[in-house]
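As a plain string of letters, each chain reads:
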Amino acid sequence: MLIPTSHILVVSAGLFALGLFGALTRRNAVGILMSIELILNSANLNLIAFSRSWGTQQADLQVAVLIVIGIAAAGAVAGLALILAISRHRQTIQADEIKELKG
Amino acid sequence: MVTAILPELLLTAGAIVLLLLPFLRSARSLVPLSFALIAVAAAIPVGLLLRGHSLGGALFSGVFMFDKLTFFFQELILLSVGLVVMTVAGDARSGLRDRREFYCLLLLTTVGLLLMPGAQNLVLLYLALELVSVLSYLLSGFKKQDGLSVEAALKYLLFGLLSTGVLLYGISLIYGLAGTMDIRAIPVEALRQSPAVTLAALILLAVGFGFKLSLVPFHGWAPDLYEGAPAPVVSFISVAPKIATFAVLIRLFMVWLSPIADLWAILFSFLAVITMTVGNLAALPQTNLKRLLAYSSIAHAGTMLIGLAAGTAFGAGALAYYAVAYLLMNTGLFMAVTAMESAEGRSDLAVYSGLAQREPTMAALMAVCLLSLGGIPPLAGFFGKMWVFGAALKGNLAWLAVAGAVNSVIAAFYYLKVVKTLYLDPLPAGCKPIPCVESLCFGMSFCVVMLFVLGLWQGPLLEILRLVIPSQLPPGSVPW
């Protein structure tokens, strides 16, 4: 039995909301990164669901999703590298304790 | 087909060569080599055009559009990156100048920037945007022994990843409504039938692009990044990605989504007003020049957004003119900031007091850039504002033009305050002269001369813009 597209959209909207909430409230920088990954995955889920319901350009969209996964990995690598660098300077990765700049 | 992306191929190959090949043992050849690569990349399309080749049009099954708009913005981006390389060459303190990885990252970022104006497929657009973003995070955290720089880069990264994730969700909604990633083929009627979802998607897209342009609710990273990161990197991030993003907005919103302009124009109008007002008011009390310039660049992005909100060919032309002026005045000013940062190690306003007695030429060049940013005639910055406000008036957005005019008065105040620091404040005792670096002197003089040329002799640029702005835009052509 095929799962209706609307169900998948509800799940992905939930994931998106969860990710956004996590990214805005987490104090740990790695936690923020993980929440952002949730947002990217919710978008991926959306794309896959829509491509199935449109049916015409499936291969195109699946390649696009793979590209997004690759980009997300690259972003996480850059993020972890910077988190590693800052933990050497400040001995913490709590976002609210990293505040030498005013912003 | 390949000739259209020759500059990108050349820069990619050049970046790999710079990184890998062992023959560049001496760091001295890095600057000339990167500069030569950028110059050749800029010259290739011009040469092909002069030899009678036509621009490619829609390439790679319509994914990449190489038209006059793409060509113009690509040349602008390459000019900006070329000036940034000159800035790096004059940076004696931060140690970026001698690191081959820095040039590799810079050139690869440029490849992403060159792809943005021509991206005609939402997937390519996202890919190019992320290429630029991820590499900019690394560029801004490049000095990993400097805690402030890494902290700024981390904030930039967290904001950036979040907003591009939101952008991707917006793209997925657009795809769900339209059934295609090709922005030429988006059926506007389908978007109109479900205005709520369309509006949500547009807002999500505005978050993603607003981050890149540092529009106000999404500008939190800018002041910290400007203060913490090395001056040449800031000079790069404050100009080239913004110009490329505006090119994307012109293509995506003004050209292809113009039938639903009623949905997005009001959104961008409000963003423009908030951005200008908050940017200018927050700039007033700043005591660090780099932080002040962060708020100033936020305000300038807001002013340019007025051109977009107008939604007409006039608006797009005014935006492009403003982008050229902004490139010259901001890059020129950051060259002075780089020189001061290498000499003094910091960039508080106090360092600049009495600069006119210490380095009269540099103070004069800086003052011209500042006055242009402040919108004082006859410099290019003034005419940029004038065209943008003109576009708002023509587009029945008089309230936006009035808000912009009020804001330029506030802006003029804090720029003049810096000019006063340069000329009227006393020189602190025991100041050494600032070593003159040829590339910085030459670059600043170039920017200042161009600011005067564009202000006093506007004909050629306006004529180019008339050719460049796509004819699909209402009302068909630029009215100058």
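Everything quoted here is computed from the prediction, not taken from an experiment. (Residues numbered from 1 in each chain as written. Chains lettered and ligands numbered in written order. Predicted model: local features only at pLDDT ≥ 70, side-chain atom pairs only at ≥ 80, totals over all residues. Heavy atoms only, no water.)

On to the overall build of chain A, then. Secondary structure summary: chain A contains 3 helices and 0 strands in total. Reading the secondary structure of chain A in the N-to-C direction produces α-α-α. At 17 Å, chain A has a C-alpha radius of gyration far larger than the 13 Å of a compact globule built from 103 residues. Oriented by its inertia axes, the alpha-carbon framework of chain A measures out at about 50 × 25 × 25 Å. Taking all 103 residues of chain A together, 38% fall into the buried category. Of the contacts made within chain A by residues no fewer than 6 positions apart, 59% connect residues no fewer than 24 positions apart. Approximately 5600 Å² of chain A is accessible, and the part contributed by carbon and sulfur atoms is 68%. Across chain A, the centroid of the 7 positively charged side chains sits 5 Å from that of the 5 negatively charged ones. (Helix = DSSP H or I, 4+ residues; strand = E, 2+ residues; numbered from the N terminus. Rg over C-alpha atoms; globule rule 2.2 N^0.38 Å. Buried < 20%, exposed > 50% of the residue type's maximum accessible area, 1.4 Å probe, protein only. Contact = heavy atoms within 4.5 Å. Areas by Shrake-Rupley, 256 points an atom, 1.4 Å probe, with all protein chains shown as cover. Lys, Arg positive; Asp, Glu negative; His and termini not counted. Charge placed at Lys NZ, Arg CZ, Asp CG, Glu CD.)

Here the focus is the interface of chain B and chain A. Listed per partner, the contact involves 41 residues of chain B and 41 residues of chain A. Our enumeration of links across chain B and chain A arrives at 1 salt bridge. Linking chain B with chain A are 6 residue pairs in polar contact (both at pLDDT 80 or more), by the criterion used here. It is helix α6 (residues 147-178) of chain B that provides the largest number of residues to the side of chain B that touches chain A, a total of 22 residues. For the side of chain B that touches chain A, a count of residues per class yields 24 nonpolar, 9 polar and 8 charged. (Salt bridge = Lys/Arg side-chain N within 4 Å of Asp/Glu carboxyl O. Polar contact = N/O pair within 3.5 Å; in protein donor to acceptor, adjacent residues only side chain to side chain. Nonpolar A, V, L, I, M, F, W, Y, C, P; charged D, E, K, R; others polar.)

Turning our attention to the side chain of N288 of chain B. Residue and element names in this part refer to chain B. Structurally, N288 is set in the loop between α11 (261-283) and α12 (289-310). With a relative accessible area of 12%, N288 lands in the buried category. Side-chain polar atoms of N288 contact the backbone nitrogen of K290, separated by 2.8 Å. With residues up to four places along the chain from it excluded, the contact list for N288 reads E227, S347, D348 and L349.

With that settled, consider a nonpolar patch on the surface. Residue and element names in this part refer to chain B. A cluster of nonpolar side chains, contributed by I266, F270, I274, V278 and W399, occupies part of the molecular surface with about 440 Å² of accessible area. For the nonpolar patch, the leading source of residues is α11, giving 4 residues. Along the chain, W399 turns up in helix α17 (residues 398-423). Note on W399: relative accessible area 40%, which makes it partly exposed. (Patch = residues over 30% accessible without salt bridge, like charges linked within 9 Å, V, L, I, M, F, W, Y side chains within 5 Å.)

Right, let's talk about empty space enclosed by the protein for a bit. Residues and elements named next belong to chain B. Following the criterion strictly, the structure yields 4 cavities of 30 Å³ or more and no others. A volume near 70 Å³ is recorded for the largest cavity. In terms of lining, the largest cavity is formed by 14 residues, of which the most central are N280, A299, T303, K385 and A411. Here the lining of the largest cavity gets 6 residues from one element, more than from any other, and that element is α17. Counted by class, the lining of the largest cavity contains 6 nonpolar, 7 polar and 1 charged residues. (1 Å grid on protein atoms, 1.4 Å probe; cavity = no way out; pocket = protein on both sides within 12 Å on 5 of 7 lines; lining within 4 Å. Points joined across faces, edges and corners; volume = space filled by probe spheres on them.)

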